Amino acid sequence: MNHTDWLGLSGFALASLWPVLHLPYIRRLDTPRRLLFAAAGYVLVMVPLFGLSLAGWLRGMVGDLSLTSVLLLSVAVYARLFKVTSPWDARERSALLGLLAVLALLLYPFALGLGPLDPYRSGYGSVGLLLMLALLALWLMRRNFYLTPLVFALAAAGWSFNLLESTNLWDYLIDAPLAIYALWVTIKVNLLYALRRKRAQPDA
Amino acid sequence: MQEKSRRLALLALVLVAFALALFKASSWHFGYGFRLPESVQQAAVPVPESKKFRRGTRGGANPAPTGRLETHFLPDNGRTAAAVSLVELKDGRVRAFWRAAGRAGAADATINSAVFDPAANGWSEAQEVSGRAATLRGLHRQIGGVGDPVAARAANGALWLFYGTDGFAARRSSAIALMSSQDEGIHWSAPRRLVTTPFLDFGTRIKAAPFVYADGTMGLPVQHRFITRFPEILRLDQTGKVIDKQRLAAGGRAALQPLVLVRGEKKALALSRADNAERHVLSMATDDGGRHWQPAQKSGLRNPDAALAVLALQDGPLLAVLNDPERGRESLSLRGSVDGGASWRELTRLEEMNGLGAGLAEPQCLEVIVHLLRSSDPALRDANAAQLFPRLAAVRPQVLRQGACHFEFSDPAMIRAGNGDIHIAYTWNRTFIKHLRIDQQWLTQRLQEPQ
C-alpha cells in the first residue's frame, strides 16, 4: 500500500471513528482506554476482511476525502479523544464552511456540465488558482482568520507532494461530502441569523 | 507573544506551501501539437498466394479486389465477450483485450487478452489480465466490476491498459483504472485509479483509443456520464498521471464517445456518435494542435448512435467501421474517405443480417447461426456438429430471444499494423469477438475504385 492509499483509507477510518467516539459508553471511558479503543477501531476499519476493509468499501462509494476533510476530522477526533475543546471557534468554522460552500457552488455545477467552462481544469497546475488562494489566505490572516489559511496551505502543500491519488488541486481542497456539509451548515446558519434578525426587529 | 508566534508560524507555512505549489505549477507545462503515427512500412509481410482469396463485391459493379481479407474468432473460454481493443506489439503481433463476462454479468467480468500471430495466422489462448478481485485489491477500494478495456502504446514504449471500473454495481465503467506492462502484456503492474472528476470520483467512461501529443503526453478521449453527458480529452504525462482535461463540443450533450484522428502535426478530427435525431456522426476539428476544438458539426458518416472505430492512414484516406442507420446493429460496414471525411463510401459490408432474422423459426435461426459461424472462422469451416456445439450453445441464448432471431454486430476497434495490415475486431452477436485482417493491397485497390 502506498502513501496515497494509506491517506485515502485513513480519512474514512477517521470518519468512521468520529461518530463512534460520541457513544455514551465510549465517552465515559478514561483517556488511555479511549485511546486504546480508537487504535483498535482504526485497525479494524483499515484491515481488509474478505479482501476489502470497511474504509476501502467507503472509499469505493465516495472517492478520496480532501485534505481539508482529513484535517477537520483529525482535529475532531483528537478533541473527542483528549476531551479538549476545538482550537477554532465558531467564527473560524463559519468562515471556512462559508468559503467552502461558495467554492462548491463555483466548482461542482460547472464541472458536472453546466455550461462549456470547466473550473475543475484549473486544478491542474493553474498558477492563477494558486495565486488566488494564496492572496485569499493572506487577506484572511490580516482579518485574524487562521483556520482557512491553514486549510489552503495544507491543500497547496499536499498537492505539491502528491499526498492524494488525484493530481488536481481541487481534490485536495474540497470533496463532495464536505461540500454538502458546508452548504448545509452555511444555509442553516444564515437562515437562523435571518430569522433572529426578523424576530429582533420591532413590529412595524 | 504566543499569539504572535502562532501567526508568524502560520504565515511561514502559507508562504512555504504556496511557494512549493507555485514552483510545481511553473514546471507543469505541456505543448500543443500531435505526434504522427508511425509510418507504414511499404514492405508488408508477404502473403502466400495460396492464402489469398477473393471476396464478392456489391452487385458485381466493381471487379473483386485481390489481396487478403480474412476473419477469425478470438479464443473463447465459455464467457461472453465484448468491447474489444487492439494494440500492435513490438514484434508485429497484435494483442487484443476484451471484457469477458460469465453468468453473473458485470460482477464476475474479467479483462481477457490474446495475441494474434500474423505468421501463424492464428490467435493464442485467452489469458485473464484483470478482474474485480484483483482490481479491488490493487485500488484498495470497493468496485462493482470491471468495464471496457482500452490498450495503448505509451511514449516510453510500455503497454498501457485502461479499463473501466464501477463504483456501484448498476453503473458501467464509471471510473478508469490504469495498468502498465513492460513486457508486451505478459506481466502487469497493479492497477491505479485515474481521478478525473471532482464529484464522488465517478462518471467518466472510456471507449476510444488514445493518441499521442508531440511532447510524448497522451490524449485519452473519454465520456463524462454523470448528471450530464459530454465528451472530454484527458491528458496524461509519461507516468500515466492526469495533467489536464479538456471539454469538447463546448460541452455539447449530443456528442458521445469521442475518437480522435490525428491528421497532421497541428490537425486532428474528433468524431463522436450522436445521441440525437440526426443519425450522423458528429465531428470536431482542431487546427492548432488541440489547443482549441471547433464546435461539433454533422459529418458525412451516418450512424444509428452506435459505437464506431476510425483510423487515419498515413497517405490521407480515412477508414471507419460502423453500423448503418437504416439497418441498426444488424449490419456493419467498412467505409473509406479520400477527401478528409467530407464524403464516405462503403468499401465492404462486414456483416449484413438486417431483416433476415425476423420471422425465422428456431430451427432456421440455428441454421443461419451455424452458417455464420462456419463462414466467420476457417477453423470452423469444416467443423463437425460436436466441434461447433460449444460456440453454438454460447451464441444461441444471445441471438434467439423472445422467439425471434436478433443479430447484433457492435463495438468495433481498428488498428493499422506496421506492415500495413488493417486489423478490425468487433463484438459478434453479443457473444464472441470476431477479428478481420485485411492487407494493404486489398485496401488500396478498394480505395482507388471509382465511386
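Owing to the predicted nature of the structure, the values given are computational and were not obtained by experimental measurement.

What counts and how
- Residues numbered from 1 in each chain as written.
- Chains lettered and ligands numbered in written order.
- Predicted model: local features only at pLDDT ≥ 70, side-chain atom pairs only at ≥ 80, totals over all residues.
- Heavy atoms only, no water.
- Phe/Tyr/Trp six-rings, centres within 6.5 Å; stacked < 30°, edge-to-face > 60°.
- Lys NZ or Arg CZ within 6 Å of the ring centre and 35° of its normal.
- Buried < 20%, exposed > 50% of the residue type's maximum accessible area, 1.4 Å probe, protein only.
- Helix = DSSP H or I, 4+ residues; strand = E, 2+ residues; numbered from the N terminus.
- Pairing = 2+ DSSP bridges.
- Expected span 1.5 Å × (residues − 1).
- Arc of directions from axis to C-beta.
- Contact = heavy atoms within 4.5 Å.
- Polar contact = N/O pair within 3.5 Å; in protein donor to acceptor, adjacent residues only side chain to side chain.
- Axes fitted to C-alpha atoms, helices over the stretch in contact; angles between N-to-C directions.

### Some words on the packing of aromatic side chains
Item 1. What the rule picks out here adds up to 15 aromatic pairs over all chains.
Item 2. An aromatic cluster is present here, built from Tyr108(A), Phe199(B) and Phe226(B) joined pairwise through their rings.
Item 3. The ring of Trp159(A) has Lys24(B) lying over it, and the distance from NZ or CZ to the ring centre is 4.4 Å.
Item 4. Above the plane of the ring of Tyr32(B) lies Arg235(B), whose end atom (NZ or CZ) is 5.4 Å from the centre.

### Focus on the pairing of strand β26 (residues 409–416) of chain B
Residue and element names in this part refer to chain B.
Item 1. Most of β26 sits out of view: eight of its eight residues are buried.
Item 2. Here β26 runs beside strand β27 (residues 422–428); their pairing, made up of six bridges, is antiparallel. By the bridge assignment for β27, Ala-413 is matched with Ala-425.
Item 3. Following β26, the chain reverses through five residues before pairing antiparallel with β27; Gly-420 in that reversal takes a positive phi of roughly 95 degrees.

### Some details on helix α3 (residues 31–46) of chain A
Note: α-helices contain 3.6 residues per turn, so residues at a spacing of three or four share the same orientation.
All names here are of chain A.
Item 1. Over its 16 residues, α3 extends 22 Å from the first C-alpha to the last, a length consistent with the 22 Å expected when each residue adds 1.5 Å.
Item 2. All of the buried residues along α3 are Arg-34, Ala-38, Gly-41, Val-45 and Met-46. Projection of α3 onto a plane perpendicular to its axis shows the buried side chains occupying an angular sector of 120 degrees, all on one side. Opposite the buried face of α3, at more than 90 degrees from it, the exposed residues are Pro-32, Arg-33, Leu-36 and Leu-44.
Item 3. Residues of α3 that are buried sit in contact with α1 (3–20), α2 (24–28), α4 (54–62) and α5 (67–82).
Item 4. Backbone nitrogen of Arg-33 and a side-chain oxygen of the N-cap are separated by 3.1 Å at the start of α3; the cap is Asp-30.

### What to know about the sheet that holds β27(B)
Residues and elements named next belong to chain B.
Item 1. The sheet built from four strands is open, its strands ordered β1-β28-β27-β26 with antiparallel pairing. At either end of the open sheet lies a strand with only one pairing partner, and these are β1 (69–73) and β26. Neighbour to neighbour, the strand axes of the sheet diverge by 20 degrees on average, direction disregarded.
Item 2. In the sheet, β27 pairs with strand β28 (residues 432–438) via seven bridges, with the strands oriented antiparallel.

### With respect to the pairing of strand β13 (residues 218–226) of chain B
Where a strand is regular, its side chains alternate between the two sheet faces.
Residues and elements named next belong to chain B.
Item 1. The buried count for β13 comes to eight of nine residues, which makes it a mostly enclosed element.
Item 2. Bridge count between strand β11 (residues 204–206) and β13: three bridges; the pairing is antiparallel. Of the residues in β13, the one forming a bridge with Arg-205 is Gln-223.
Item 3. Examined bridge by bridge, strand β12 (residues 211–212) and β13 share two bridges and lie antiparallel to one another. Counterpart to Phe-211 in the pairing with β13 is Gly-219.
Item 4. Hairpin geometry of β12 and β13 is characterised by an intervening segment of five residues between the two adjacent antiparallel strands and by a positive phi of about 90 degrees at Gly-216.
Item 5. Pairing between β13 and strand β14 (residues 228–236): nine bridges, direction antiparallel. Residue pairing across strands places Met-218 opposite Leu-236, the latter belonging to β14.

Just geometry here; none of it tells us what the structure is for.
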